[in-house]
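Working through the structure, step by step
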Protein chains: 2
Amino acid sequence: MEYEEPKFFHVMQYAAAAAGDVIDMVSGNPDWEPPAALREALREYADRPPADFQYPPSEGLRELREVIAERRGVDPGRVVVTNGTGEANYLAMARALDRDAGDEALLMDPVYPYYPGKTHLLDGTPTLVPTTRDGGLDVDAIREAASEDTALIVLNTPNNPTGAVYDLDAVREVADVAAAVDALVVVDEVYGRFDLSGSFESALTLDDDRVIVTSGFSKSMAITGFRVGYGIFPESHVDDAKTRHMLVNVAGARPSQYAVYHALAETPPEYYAESRELLADRVAAFTDALDAAGAEYSRPEGAFYVLARFDSFPGTMANVKRLVDEAGVAGMPGEAFGTARSDWIRFALVTPRAAEAAERLADYFAEEPAPR
Amino acid sequence: MEYEEPKFFHVMQYAAAAAGDVIDMVSGNPDWEPPAALREALREYADRPPADFQYPPSEGLRELREVIAERRGVDPGRVVVTNGTGEANYLAMARALDRDAGDEALLMDPVYPYYPGKTHLLDGTPTLVPTTRDGGLDVDAIREAASEDTALIVLNTPNNPTGAVYDLDAVREVADVAAAVDALVVVDEVYGRFDLSGSFESALTLDDDRVIVTSGFSKSMAITGFRVGYGIFPESHVDDAKTRHMLVNVAGARPSQYAVYHALAETPPEYYAESRELLADRVAAFTDALDAAGAEYSRPEGAFYVLARFDSFPGTMANVKRLVDEAGVAGMPGEAFGTARSDWIRFALVTPRAAEAAERLADYFAEEPAPR
């Protein structure tokens, strides 16, 4: 297994080293305040007795699992608290691929690059399946791609990078395809709190024993560094996930779990509504400026990102670096997300300067750079 | 992969549910204060701006890696900060077993149960190798067991459960055996701060490109729940470990890393000396009482544990539960640690009531229970 520095680290380092002022729209790190209850709980935790600094239960603090289970309407026994949504996806994908049910993982194109990375780590074979023009599920394409070798189908809704929110009926159809070929469906809902369309419904409502739902608090509480996520596994798969979690990590970090538990229990709905509105305002300002720039873009139904395409300026790493140097805006090359959007560039709206960035892009492309 | 609740959870739950007062000597959770700087850093962290709550570098906060590297006398590029020593062992063992250099892991008997567990998870085959009567390395036995199929040899010094501190020359000989069969040696030094013998030397001093050293702060700072450990990998293996760490966990928890960095940089040597002396006092009081009880035991050279054997009372789960109910002392059955010490019971000295526990054991065995 070769170590490949993820492209987003590469772009962030390039942007940080640039001579001029660069607006960073590379990573999905929220720039807004975490819940007040999270900070308060951390302060309290600092003064807890030594016993509270020792191993939490491997599957997560009991009170945290219970409040997650209550909010998601499932039995607490199905919840495994993980080191971020990333570990939850790893556990879920490992379960799917380690059942002697095949080696293939169907991943939607464009694809979040960790999914093929995890598939390779688990000795699986990723197959990219096209999505619709707006990033929605193409169930026929999934049905066509599925075979006896398919062990896993990974969905992400609201989607990174397209912003698509999947229709629940389409997710149900994918679960039926999975049943036909003995695959499991992993639905990563980490952006579930950032549904701008009002149409998002969790795959948990399908109550399907082939569906594993993963999520976490990195985005909803603006704490990507705390590493608190979870998987909700069907009864027949939860023990496998617990075992792997224990053998890989023993347990997750207790200060983080303690703070997240209190924030989850004590934060009013207004907190989440405010961050969603902040994001919606940024989407509007950014896409208005993209209109002015004559760029093509997909208006996100959810998540943090806008994919944009500029004439004769494909989303290569070289062009992204050119935008850093010449326009003062750093995005992510579309070629990092599979094959479907290699002409596009992804911009993360996690900066108060999103509108300013779009104006810089408009100015830059008004000057008509030489085609690349 | 079947989920087996670890035996130590099982005993802890049994002890917690017992009717009478039970002294818990089951797990290796320190009961003493963490460094003052750790609490102070957590308080400070609670008020940091949102940017400090986002992903740390995947391989760990730069300043933490640098201070670890400085203390251990290695290049920072060789350090990967992990979710506890448990993850560091997982990454190291995975690297050894995933090189197409064989499937066998040689583990010392008695064995810390996570090592065979991780070996199975990684599709390897564990082979238990006997140690000497006092738990020291039997290099001839390792040499005899090693073959072309051996990819990995795992050592743990100071040792859990025997308390043995391995002679550095013996570790060097094990590395030579590893070289002869193309294996890697993982040396878990998490109890390195609890060397009661004064003879412990880190395997890093061997400067051997087949040796991976793992450690962490769970024990030395009394924070098993913070999940901050690290692996120090030879240049040719560090990229593989970084990749796997990133794909499994993305990164470790930043509040924990921030607190540990400050505690590591700011805590005077006296803190570690005091916890070591506390432990040495407990060892003396506990073993004095075991002498009074006529028990056989191994006096630990390091780590937290005393293995004891009582006449006609083998270290089975049933007998351990009997001690909980009838003597009010909870230990770990020796049969949980491989085959070599199945007659013994492990007692963790992480309670101020260690001497009282030994007196309870002395009283109990003075009453001569029926042999089991």
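Residues numbered from 1 in each chain as written. Chains lettered and ligands numbered in written order. Predicted model: local features only at pLDDT ≥ 70, side-chain atom pairs only at ≥ 80, totals over all residues. Heavy atoms only, no water.

In the annotation of an unreviewed UniProt entry, chain A is listed under the name Aminotransferase and assigned to Halorubrum miltondacostae. The annotation that UniProt attaches to chain A under Cofactor (unreviewed entry) is "pyridoxal 5'-phosphate". (UniProt positions renumbered as here; feature names shortened; annotations may be inferred.)

What follows deals with the domain arrangement of chain A. Residues and elements named next belong to chain A. With domains assigned, chain A is organised as domain 1 (7-34 + 270-366) and domain 2 (36-266). The straight-line distance from the C-alpha centre of domain 1 to that of domain 2 is 26 Å. On the domain 2 side, the residues contacting the 31 residues of domain 1 number 36 residues. Interface area for domain 1 against domain 2, summed over the two sides, is near 2,700 Å², with a carbon-plus-sulfur share of 57%. Three residues, P34, Y272 and E301, lead the burial of domain 1 against domain 2; their summed loss comes to 26% of the area buried on that side. (Domains from an automatic or database assignment. Contact = heavy atoms within 4.5 Å. Buried area = accessible area lost by both parts, 1.4 Å probe.)

What follows concerns the sheet that holds strand β7 (residues 211-216) of chain A. Residues and elements named next belong to chain A. Here seven strands make up an open sheet; going across it, the order is β2-β8-β7-β6-β5-β3-β4 and the pairing mixed. Strand pairing shows two members of the sheet lacking a second neighbour, β2 (79-82) and β4 (125-130), which therefore form its edges. Strand-to-strand twist across the sheet, computed as the mean angle between neighbouring axes with direction ignored, equals 25 degrees. Bridge count between strand β6 (residues 184-188) and β7: four bridges; the pairing is parallel. For V187, the partnering residue across the bridge sits in β7 and is V213. (Pairing = 2+ DSSP bridges. Helix = DSSP H or I, 4+ residues; strand = E, 2+ residues; numbered from the N terminus. Axes fitted to C-alpha atoms, helices over the stretch in contact; angles between N-to-C directions.)

Another aspect to go through is a negative patch on the surface. A cluster of acidic residues, D100, D103, D123, E148 and D149 of chain A together with D100, D103, D123, E148 and D149 of chain B, forms a negative patch at the surface. As for its placement among the helices and strands, E148 of chain A is situated in the loop between α6 (139-145) and β5 (150-156). Given a relative accessible area of 61%, E148 of chain A falls into the exposed group. (Patch = residues over 30% accessible without salt bridge, like charges linked within 9 Å, V, L, I, M, F, W, Y side chains within 5 Å. Areas by Shrake-Rupley, 256 points an atom, 1.4 Å probe, with all protein chains shown as cover. Salt bridge = Lys/Arg side-chain N within 4 Å of Asp/Glu carboxyl O. Lys, Arg positive; Asp, Glu negative; His and termini not counted. Charge placed at Lys NZ, Arg CZ, Asp CG, Glu CD. Buried < 20%, exposed > 50% of the residue type's maximum accessible area, 1.4 Å probe, protein only.)

Geometrically, the link from T157 of chain A to P158 of chain A is a cis peptide bond, its omega value of -10 degrees lying close to zero. Relative to the helices and strands, P158 of chain A resides in the loop between β5 and α7 (168-181). A cis geometry characterises the amide bond from D109 of chain B onward to P110 of chain B, with omega recorded as 10 degrees. Structurally, P110 of chain B is set in the loop between β3 (104-109) and α5 (114-121). A positive phi is found at D100 of chain A, a non-glycine position, where the angle reads about 60 degrees. Note on placement: D100 of chain A falls in the loop between α4 (84-97) and β3 (104-109). Take D100 of chain A: its relative accessible area is 81%, and that puts it in the exposed class. Even without being glycine, A222 of chain B reaches a positive phi, approximately 60 degrees.

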